[in-house]
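Topology and contacts: notes
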Amino acid sequence: MAVSLYRKRPKSFRKIEAKQSYFGITILYNFLSRISALVFLIILIYMWSSFSTLITGNIIHVCFSTRKLNSLYCLSAGSQPSFEIPTSTNNNSSTITPGIDQGNVTEPGKFSDIPYLVSTSSRVDIRDRDERVANAVKVVEEQLQVQRSWRSNKNYATCDGQGIYVYDLPSKFNKDLVGQCRDMVPWQDFCGYLSNEGLGEPIAKLGKGWHKTHQYSLELIFHSRFLKHPCRVYDENSANLFYVPFYGGLDILRWHFKNVSSDVKDSLGLELVKWLERQGPWKRNSGKDHVFVLGKISWDFRRSSDSPWGTRLLELDKMQNPIKLLIERQPWHVNDIGIPHPTNFHPHSDNDVISWQMKIIRSNRKNLVSFAGAARADAEGIIRSTLIDQCTSFGNGKCQFLNCSSVRCDEAESVIELFVESEFCLQPPGDSPTRKSVFDSLISGCIPVLFDPFTAYYQYPWHLPHDHDKYSVFMDKKEVTQMNVNVVGRLTNISSRERENMRRYIVYELLPGLVYGDYQAELDKFQDAFAITMNNLLERVSRLDEAHKD
């Protein structure tokens with residue numbers, strides 16, 4: 001028989017045991033608390049190290065950046081731009097800063113009278129924010145109106161006694177940069193793209209006038225055309241407009257993926273400015289009658305203090321007066337003027353333009369909607385992922401998705417063939433608001449669908465009309481990402497008559513002025529993008545001369 005014996009312990013022993021138990025629990029609690037605090041501290045340090053912080057005066061700026069440089073398309077932008085928005089076109093005005101997306105500020109900058117600003121990519125708490133956004137947009141529109149006022153009413157090339165002087169810069173500022181094409185970026189040989197005076201090698205499959213043109217080739221294309229312009233003069237004293245053929249975009253591109261200091265990146269630009277300061281024409285007007293053509297976006301030349309990306313060329317005091325022509329302008333700098341991205345089509349004659357117009361106006365557009373792009377992991381990837389989901393889930397083959405992560409979308413054939421067969425082309429923003437693909441779609445007769453007004457409406461006052469409903473469809477990206485609108489469904493409701501009217505306007509009114517003819521172009525009936533730009537530059541400089549006479 002089993003017997004269970006229980007011996008009652010004295011009270012004093014039980015008290016000692018209770019104290020030991022309590023003491024053990026206390027040690028365990030303190031240990032766990034310290035581990036939790038340590039883990040929390042590590043997380044906090046990690047998050048803080050992931051932020052870009054800038055303190056100016058009594059203003060704190062904090063931006064959480066998720067940009068990753070993992071594809072060629074990422075060359076179009078670097079660190080998040082810091083928008084500095086003047087409240088008026090007066091250079092001495094104070095500044096305010098909203099984000100591009102009114103529902104989600106990801107790109108903060110200076111505010112005139114807000115004592116503290118702390119923002120992340122997902123949240124910003126700013127008093128009277130809507131009013132400030134409206135004021136900032138008003139400033140953008142005012143400056144665009146100023147730029148539109150410089151447009152020439154002439155639809156033909158004319159000098160009217162005005163001369164264009166092309167500086168003969170030392171080769172290190174242009175030709176020597178082209179010579180570095182083989183190792184410009186680690187994974188690609190740029191030499192083929194920069195050949196043929198920037199047009200690139202011909203694309204036989206697409207026909208006459210089509211070339212493998214890179215989106216960063218604008219500097220070479222303009223330099224070649226400037227040298228052949230009928231208003232060119234060789235005496236600087238006979239000139240009204242002075243062109244500085246500095247290949248600043250190539251200068252930036254060669255350093256993007258090399259571990260060099262900011263001083264190295266800035267060195268050539270600083271050297272150029274010192275060279276210009278010794279020139280008589282620059283001294284006379286402080287560079288106001290000078291023009292630069294820069295083949296990358298404005299932000300690549302406006303490096304912020306907390307980012308290693310790009311140079312500070314356009315932040316230099318001496319660079320504020322000249323006109324800068326860029327594929328994407330800084331929206332609140334009136335001397336930044338956006339001009340079209342170079343496409344792959346470079347007509348030589350009027351017949352080349354007419355033949356292409358006839359082809360695309362008669363095209364069988366079997367796709368209602370198409371999107372050429374890839375999903376993204378950053379903030380802008382949300383709109384892209386939403387569009388991809390809506391496109392691929394829509395039945396009856398109404399939407400075609402060309403996945404650029406598996407297909408080489410830098411080869412024009414696949415993209416242009418898709419766009420020529422599509423009624424609408426989705427154009428969400430990428431690393432920056434603008435996209436070369438917008439111009440690819442326009443010259444293909446495909447109506448672009450935009451989700452951010454900074455993609456085109458606030459960029460190209462000389463080449464796109466103020467009435468954007470004539471050539472595009474706009475849907476707010478916030479409405480799309482919040483699933484308040486089905487993009488394909490809404491486009492289905494646009495009548496065939498409306499689509500046809502928009503397409504005819506694009507093909508017959510816009511297309512000739514969006515392409516750059518080849519370097520020996522003989523266009524009489526049409527003005528290409530270069531001719532429009534030149535006429536407007538000459539118009540602006542003539543007004544500058546008149547102002548000086550007064």
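Up top is the structure these notes are about.
Our subject in this report is the structure included herewith. This one's a predicted model, so the numbers in the text were calculated from it and none came from an experiment. (Residues numbered from 1 in each chain as written. Predicted model: local features only at pLDDT ≥ 70, side-chain atom pairs only at ≥ 80, totals over all residues. Heavy atoms only, no water.)

Let's shift gears to the overall build of the chain. Scanning the chain from terminus to terminus reveals 16 helices and 15 strands. In the chain, buried positions account for 53% of the 550 residues. Taking the intrachain contacts of the chain between residues at least 6 apart in sequence as the baseline, contacts between residues at least 24 apart amount to 71%. In the structure as shown, the chain presents an accessible area of about 26,200 Å², 51% of it carried by carbon and sulfur atoms. (Helix = DSSP H or I, 4+ residues; strand = E, 2+ residues; numbered from the N terminus. Buried < 20%, exposed > 50% of the residue type's maximum accessible area, 1.4 Å probe, protein only. Contact = heavy atoms within 4.5 Å. Areas by Shrake-Rupley, 256 points an atom, 1.4 Å probe, with all protein chains shown as cover.)

Moving on, we get to the sheet that holds strand β8 (residues 290–297). Taken in spatial order, the six strands line up as β6-β5-β7-β8-β9-β10 in an open sheet, and their pairing is parallel. One side of each edge strand has no neighbouring strand; the edge strands of this open sheet are β6 (232–233) and β10 (336–338). Pairing analysis gives two bridges linking strand β5 (residues 164–166) to β6, with the strands arranged parallel. Across the sheet, residue Y165 finds its bridge partner in β6, namely V233. Sheet strands touched by helix α5 (residues 218–227): β5, β6, β7 (241–244), β8 and β9 (323–328). Its angle to β8, the strand with the most contacts, is close to 150°. (Pairing = 2+ DSSP bridges. Axes fitted to C-alpha atoms, helices over the stretch in contact; angles between N-to-C directions.)

According to the stated counting rule, one finds five disulfides in the structure shown. Take the cysteines of the chain that form disulfides and number them in order along the sequence; they join up as 1-4, 2-3, 5-6, 7-8, 9-10. (Disulfide = S-S within 2.5 Å.)

Another aspect to go through is the packing of aromatic side chains. Applying the stated rule across the entire model yields 22 aromatic pairs. Between F222 and F226, the aromatic rings sit 6.3 Å apart at their centres with planes inclined by 45°, giving tilted as the arrangement. One end of the pair is F222 and the other is F226, both in helix α5 and four residues apart, which spans about a single turn. Residue F226 is classed as buried on the basis of its relative accessible area, which comes to 0%. A centroid spacing of 3.9 Å and a plane angle of 5° characterise the contact between F226 and Y243, whose relative ring orientation is stacked. Of this pair, F226 sits in helix α5 while Y243 sits in strand β7; the two residues are 17 residues apart in sequence, bridging distant segments of the chain. (Phe/Tyr/Trp six-rings, centres within 6.5 Å; stacked < 30°, edge-to-face > 60°.)

We now examine helix α2 (residues 129–148). The end-to-end C-alpha distance of α2 is 29 Å, a good match for the 28 Å that 20 residues give at a rise of 1.5 Å each. Turning to α2, its buried residues are R129, R132, V133, A136, V139, V140, Q143, L144, Q147 and R148. (Expected span 1.5 Å × (residues − 1).)

Turning next to the side chain of S152. If you trace the backbone, S152 turns up in the loop between α2 and β5. For S152, a relative accessible area of 17% puts it in the buried group. When near neighbours in sequence (up to four residues on either side) are disregarded, S152 contacts N535, N536 and E539.

An ideal rise of 1.5 Å per residue puts 16 Å on twelve residues; helix α9 (residues 350–361) measures up with 17 Å between its terminal C-alpha atoms. Along α9, the residues that are buried comprise D350, D352, V353, W356, Q357, I360 and I361. The buried residues of α9 occupy an angular sector of 160° when the element is viewed end-on, so they sit on one face. Packed against the buried residues of α9 are α11 (412–420) and α15 (496–510). (Arc of directions from axis to C-beta.)

Following both chains from N to C, one finds α9 and α15 inclined at 165°, their axes separated by 10 Å at the closest point. When the interaxial angle is binned, α9 and α15 end up roughly antiparallel. As for how α9 packs across α15, the hand of that crossing is right-handed. In contact with Q357, M358, I360 and I361 of α9, α15 contributes E500, R503, R504, V507 and Y508. Residues of the contact of α9 with α15, tallied by class, amount to five nonpolar, one polar and three charged. (Parallel < 35°, antiparallel > 145°, perpendicular 65-115°, else oblique. Left-handed = near helix turned anticlockwise from the far one by under 90°. Nonpolar A, V, L, I, M, F, W, Y, C, P; charged D, E, K, R; others polar.)

Checked against the element boundaries, D300 lands in the loop between β8 and β9. Among the polar contacts made by the side chain of D300, one reaches the side chain of K296 at a distance of 2.4 Å. (Polar contact = N/O pair within 3.5 Å; in protein donor to acceptor, adjacent residues only side chain to side chain.)

Locating Y234 in the fold gives a position in the loop between β6 and β7. Exposure remark for Y234: the relative accessible area of 63% places this residue in the exposed category. Y234 sits 69 residues away from Y165 along the chain, and the two C-alpha atoms are 6.3 Å apart. For Y234, the side chain forms a polar contact with the side chain of R232, separated by 3.4 Å.

Enumeration over the complete set of coordinates arrives at 21 salt bridges. The residue K208 makes a salt bridge to D352 at a minimum N-O spacing of 3.6 Å. Here K208 is found in the loop between α4 (191–194) and α5, whereas its partner D352 is found in helix α9, with 144 residues between them in sequence. Taking the relative accessible area as the measure of exposure, K208 reaches 60% and is therefore exposed. One salt bridge connects K477 with D452, and the closest N-O pair in it is separated by 3.4 Å. Note that K477 is positioned in helix α13 (residues 477–481) and D452 in the loop between β14 (447–450) and β15 (473–474), a separation of 25 residues in sequence. Each of the two residues, K477 as well as D452, counts as buried. (Salt bridge = Lys/Arg side-chain N within 4 Å of Asp/Glu carboxyl O.)

Within the chain, N196 stands out as a residue other than glycine whose phi angle is a positive 60°. Here N196 is to be found in the loop between α4 and α5. In this structure, S286 is a non-glycine residue whose phi angle is positive, near 55°. On the secondary structure map, S286 appears in the loop between α8 (280–285) and β8.

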